[in-house]
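Descriptive analysis of the structure
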Amino acid sequence: MEVLFILIGVSFTVAVGFLVAFLISVKKGQFDDQETPAIRMLFDDDVKN
Amino acid sequence: MYETLVEKDTLCYHCGDPCRETKIRFEEKHFCCNGCKAVYSLLSENNLCTYYNLEENPGNNAATPFFKDKFSFLDDKSVSAQLMEFSDGDVSKVTFFVPSIHCSSCIWLLEKLYKLNPAIKSSRTNFVKKEVSITFHNKEISLKQLVELLTSIGYEPQINLIDLEQKKQKKTNNKLYIKIGIAGFAFGNSMMFSFPDYLDAWQALTPDFKMVFSVLNILLAIPVLFYSASDYFISSFKGLRKKILNIDVPISIGILALVSRSLYEILSGTGLGYFDSFTGLVFFLLLGRLFQEKTYATLSFERDYKSYFPVSVTLVEAGSYKIIPVSKLNIGDTILVRNQELIPADAVLVSPKGSIDYSFVTGESELVEKRQNEILYAGGRLSGPTIEIKIVKKVSQSYLTKLWNNDVFKEEGHAELSSLSDKIAQNFTFIILGIAVIAGGYWLTVDWKMAINVVSAILIIACPCALALSIPFSFGNALRVFGNNKFYLKNIRTIELIKSITHIIFDKTGTLTWQQKPVISFSEKLNKNDEELVKSLTNNSVHPISRYIFNFVKGHEILPSEDFVEISGKGMLARVNNHDVRLGSAAWIGVENEQPQTTEGSVAHLLIDGIYKGAFIIKNNYRPGLENVLQKLSGDFKIDLISGDNARAKDFLSKLFKKLKIVGELKFDQSPFDKQEFIGHLQKSGEKTLMIGDGLNDAGALKQSDLGFSVSEDINAFSPACDAILYANQFEKLPLFIKYAKSSYNTVRISFILSFLYNSIGIYFAVIGALSPLIAAILMPLSSISVVIFATLSTRINAKRLGL
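Residues numbered from 1 in each chain as written. Chains lettered and ligands numbered in written order. Predicted model: local features only at pLDDT ≥ 70, side-chain atom pairs only at ≥ 80, totals over all residues. Heavy atoms only, no water.

1. A word on the overall build of chain A
Looking only at helices and strands, one finds two helices and zero strands in chain A. For chain A, the proportion of its 49 residues judged to be buried stands at 22%. Taken as a whole, chain A presents about 3800 Å² of accessible surface, with 67% of it coming from carbon and sulfur. (Helix = DSSP H or I, 4+ residues; strand = E, 2+ residues; numbered from the N terminus. Buried < 20%, exposed > 50% of the residue type's maximum accessible area, 1.4 Å probe, protein only. Areas by Shrake-Rupley, 256 points an atom, 1.4 Å probe, with all protein chains shown as cover.)

Here's what the structure looks like:
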């Protein structure tokens, strides 16, 4: 049963990792504009000028 | 905009407008005007033709070039400093609002600006907000040049007086997202740690596990309590200080009861507490908050004259011209006003004469002819050749802008009115406290520990989570339905207020009439030759009536005209194909008995080679479905009409009112102040008013009224401060919108009953002392989710039923 302690520790760390990733994405402004990036990603890259 | 002008429509490769003549070509492509061609050649020179591959005809019509110096005010240090977001010795960043952003090609091009000018480092478009942020080297390109570059490719930024006076406030939901993220994280993990409890296995766990689960749960709850839920405490504290019991008070009591009961259980070793329910509760509540905060990023409901008035003016100083920001305008200055420009402050006319369009300011739809030394009021739009005027009053002290110095504009909206949920919260809180006291008193006679248990359980389970969610989801959904129908509400409170309206007041010009599309008819019959002559003559003029006639008359070929003369307020003449063609007012043409008589609109008489041919009658068109709208509304509301226009339209409207058996007042020649006073008067007599208007002249009335809707032909153009913006072609649906708002109100009432039902079940368990964490963990999300589903479904079904 004691192995659960490790599992809890691991799962909690993973969850915290996701939370931190979410917080960073909010701070970086990924939620400011939820429309434009969806369109932007469909543009072709410039081949060569 | 898309009327057939040429038999076979050749669409402009750049902007997609029909080409009137087919002469303008470049690289095998047709253009409607040289402006569009210029944009195309600029883009093709710079290898930016992908612009045209992403969407068809993506461009903005560039037919009217901006005059030189239009943006010279941007060279003023104080102006550019206000606009700039960030600036150091080398790099500056600026964000512009560009209303003409409309498709993916726009995004693409605006993010490739660096190819057009190497001084631009990078640019980023926000499609929803219609904004573009540009980072550039400020030594190599000035702000003015940057704006000119944008304008030259058809993306003119809109720079308003208000942008200069206050820095744009970045309104983001970032905080709310973070709060939701933390609450959701805590909710999920807390449920996992509480799992043994759900299976009734808590007592079977070893002390080590109990210890770990408890500590982790407490750790998870701390940020939720102090950060995510903080708004509820702050709001209820503010409410209590003003002696108002708002909906956040019972929520805060519930949260506190949850946390303290859970802590008590953990510390006393009797259980794991209700931290899962607590974090879940906060999570759901915050989601509801996110849902109701539907905002229209590009719309503004708080506009005043500052976002309508020009930013800069052309000062005439000792014979030379200088562009200055309007804020630096002083009494006594002489300024230049060009065709279609606004008069920024009350002034006297220095030039011999000029015609002013006051339709937006006063509601008067005819052009007003002014002579030298006559007073021009601020807000009028010049229609005709350039004039010089001398300022006599400061911008903020002018006749119209004085309206905003009125007290109504200083109030902070109607924030103090208690909303539906707050009203219910008052009774609710007292009932719950009553039940808690009675049950606690009863159990005290049995066992004091049990009494504490029961009281805390009641406070926990009575937390009006479902209740608090029913409004955001019912009205939030309704708000979206309205938005899909181009009826944009400021917030969900507007829906609530519609229910209490008793009296509707309409403005006429621009609200009931449809200026863009007048009905035109010709009294006699025109032959093909004459048609071509008229078409060629009117092609020379930009006067609105000429444009209407131009579009109305069939003729295919535009003949060259010589000696074209346009006399403001009278008419115009020219020699076309060796015929003398004149079009104008009866007096000017020399028609004695004025036929046809018209009660509504304007008449233009036609004279060709001295022979009278007949008259064009241009009638203001009433919006389609007006009769229907009035009829449907008159069943439930008192209706009045109040207009700044003259009484010409009175006959038609009073007949219409009589026909529909409406006993409302019809008031004409009303100043903006009269309108506001009229509304105030109605309110004093106990009416709840809804003002529907459009222009600056309605601004006072819209603000004074309990609710104000503004009708707008172009939602990105100016509309005065109001509670909702109605897209003009949806005017017919107005009665439907009101009906729908009322049905949404009923949905809220039913969801209230539903959530009371859940509360009663919960309270039953609590009172008999049988509320286990499991029941709490099931009941709370269940009640919330089912209320959310009910509210969403029933608002959507109602919308379908009404055809919205």
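2. Examining the packing of aromatic side chains
Considering all chains together, one arrives at 29 aromatic pairs over all chains under this definition. Aromatic pair F31 of chain A and Y177 of chain B: ring centres 4.7 Å apart, planes at 45°, arrangement tilted. Linking F31 of chain A in the loop between α1 (3-27) and α2 (36-40) with Y177 of chain B in helix α8 (residues 174-193), this pair reaches from one chain into another. Owing to a relative accessible area of 14%, Y177 of chain B belongs among the buried residues under this scheme. Here F428 of chain B and F756 of chain B contribute two aromatic rings whose centre-to-centre distance is 5.6 Å and whose plane-to-plane angle is 35°, an arrangement assigned as tilted. In this pair, F428 of chain B is assigned in helix α15 (residues 420-444) and F756 of chain B in helix α26 (residues 734-767), connecting sequence segments 328 residues apart. On the basis of relative accessibility, which here comes to 6%, the residue F428 of chain B falls in the buried class. (Phe/Tyr/Trp six-rings, centres within 6.5 Å; stacked < 30°, edge-to-face > 60°.)

3. Some details on the pattern of salt bridges
Residues and elements named next belong to chain B. One pass over the structure, following the stated rule, counts 12 salt bridges over all chains. We note a salt bridge from K93 to E85, for which the minimum N-O separation is 3.9 Å. In this structure, D530 engages K613 in a salt bridge whose closest nitrogen and oxygen atoms are separated by 3.2 Å. Taken together, the residues span a long stretch of sequence, with D530 in helix α19 (residues 528-538) and K613 in strand β23 (residues 611-622) at a distance of 83 residues. (Salt bridge = Lys/Arg side-chain N within 4 Å of Asp/Glu carboxyl O.)

4. Side note on the side chain of T95 of chain B
Residues and elements named next belong to chain B. Positionally, T95 belongs in strand β4 (residues 91-97). Judged by its relative accessible area of 11%, T95 is buried. Here the side chain of T95 touches E85 through a polar contact of 2.4 Å, side chain to side chain. Reaching out from T95, the side chain makes a polar contact with the side chain of S133 at a distance of 3.1 Å. (Polar contact = N/O pair within 3.5 Å; in protein donor to acceptor, adjacent residues only side chain to side chain.)

5. What to know about the pairing of strand β24 (residues 638-642) of chain B
Within a regular strand, the side chains alternate between the two sheet faces. All names here are of chain B. For β24, the buried fraction is high: four of the five residues fall into the buried class. In the sheet, strand β17 (residues 503-506) pairs with β24 via four bridges, with the strands oriented parallel. Opposite H503, over in β24, you have K638 as the bridge partner. Relative to strand β25 (residues 666-667), β24 runs parallel, the two being bridged by two bridges. From the neighbouring strand, I642 faces β25, where its bridge partner is K667. (Pairing = 2+ DSSP bridges.)

6. Considerations on the packing of helix α10 (residues 207-228) of chain B against helix α13 (residues 275-292) of chain B
Residue and element names in this part refer to chain B. Close contact between α10 and α13 brings their axes to 10 Å; oriented N to C, the two are set at 30°. Judged by the sense of rotation from one axis to the other, the crossing of α10 with α13 is left-handed. Residue-level inspection shows N217, I218, A221, V224, L225 and S228 of α10 in contact with α13, the latter providing F275, F278, T279, V282 and L286. (Axes fitted to C-alpha atoms, helices over the stretch in contact; angles between N-to-C directions. Left-handed = near helix turned anticlockwise from the far one by under 90°. Contact = heavy atoms within 4.5 Å.)

7. Digging into the confidence of the model for chain B
Residue-level pLDDT values for chain B average 82, and 89% of them are 70 or greater. Here residues 1-7 of chain B is a poorly scored stretch, pLDDT under 50, and it has 13 contacts once near neighbours within four places are set aside; other chains count. (pLDDT = per-residue confidence, 0-100.)

8. Details of the sheet that holds strand β27 (residues 707-712) of chain B
With respect to topology, seven strands assemble into an open sheet ordered β16-β28-β27-β26-β17-β24-β25 (chain B), the strand pairing being mixed. Of all strands in the sheet, those with a lone pairing partner are β16 (487-489) and β25 of chain B, marking the two edges.

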